[in-house]
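# Architecture at a glance
Here's the letter readout for the chains.
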Amino acid sequence: MPLAFHSLSHGPIAFGFFNIETDLLLLENYFFFAPCFCTMVKHISGKQSHEADDIGLAGYFIDQPEDTGNLTGAIQGTDLSGFIGHVYQMFPFPRNPEEFKQKARGGANRSVVEELLSRWARSTQIPVLVEEGAQRVRIAEFIFSKEVFPELAAYVWHGGMPGWQDNMRPDYVIAMKEAIISSTSAIFKDCEF
């Protein structure tokens, strides 16, 4: 489930997986697939200079909150409106709480999720700006400190709030962590997973 992370620009904001059957992440009203996020983190981890670096993140944006849907209502099965509600129509919350684990094979459902996204969201290149000198990362309009940005990567490494099913992580998540461990970037200097 998405968790609240502190941004320097907007205070607490939602980030994370929102359905265990897809590898789609949300950042407030932006959506992007976890492999794209991990590739972006790997790029940042390889950055050594103190100059700003502008990176793009392929994703989607939903303009109207009602088009996003109600995550709590979708999980409970009481409000299946908007994009999130329709994802939960396709992939309902598990009846057995022990089955509430993020699936490493979430990418297998990408075409179904992309079709749903096309109904509510517009495709966009989400700007990501690394301000190495200031040791901040901006994703769209959200600014994260060098202490919080690695927490986003750690969240994906852990498989969100429920964790990865059977502790099995996708290869792109493992590659992200390896890049962070060997990073000389100031953004990941004190990062611990």
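Because the structure is predicted, anything quoted here is derived from the model rather than measured. (Residues numbered from 1 in each chain as written. Predicted model: local features only at pLDDT ≥ 70, side-chain atom pairs only at ≥ 80, totals over all residues. Heavy atoms only, no water.)

### Notes on the packing of helix α1 (residues 34-45) against helix α6 (residues 149-158)
- At a minimum axis distance of 11 Å, the contact between α1 and α6 shows a crossing angle of 135 degrees. Classified by the interaxial angle, the pair formed by α1 and α6 is oblique. Where α1 crosses over α6, the two elements pack in a sense that is left-handed. From α1, F37, C38, M40, V41 and I44 reach across to α6, where they touch F149, L152, A153 and V156.
- Of the residues contributing to the contact of α1 with α6, the split by class is 9 nonpolar, no polar and no charged. (Axes fitted to C-alpha atoms, helices over the stretch in contact; angles between N-to-C directions. Helix = DSSP H or I, 4+ residues; strand = E, 2+ residues; numbered from the N terminus. Parallel < 35°, antiparallel > 145°, perpendicular 65-115°, else oblique. Left-handed = near helix turned anticlockwise from the far one by under 90°. Contact = heavy atoms within 4.5 Å. Nonpolar A, V, L, I, M, F, W, Y, C, P; charged D, E, K, R; others polar.)

### A closer look at unusual backbone geometry
- A positive phi angle, near 55 degrees, is found at D166, a position not held by glycine.
- Of note, D166 is situated in the loop between α6 and α7 (171-181).
- In this structure, N167 takes a positive phi of about 60 degrees despite not being glycine.
- Along the chain, N167 turns up in the loop between α6 and α7.

### Quick word on the pattern of salt bridges
- Scanning the model with the defined rule gives 6 salt bridges in all.
- For R122, the salt bridge goes to D63, with nearest N and O atoms at 3.7 Å. Pair noted here: R122 is in strand β6 (residues 122-131) and D63 is in the loop between β5 (53-61) and α2 (65-68), with a separation of 59 residues, a long-range link.
- The exposure class assigned to D63 is partly exposed, which follows from its relative accessible area of 48%.
- Between R136 and E131 there is a salt bridge, and its shortest N-O distance comes to 2.8 Å.
- You can call E131 buried: its relative accessible area is 17%.
- What emerges from the salt-bridge pattern is a single network uniting E21, K103 and R105. (Salt bridge = Lys/Arg side-chain N within 4 Å of Asp/Glu carboxyl O. Buried < 20%, exposed > 50% of the residue type's maximum accessible area, 1.4 Å probe, protein only.)

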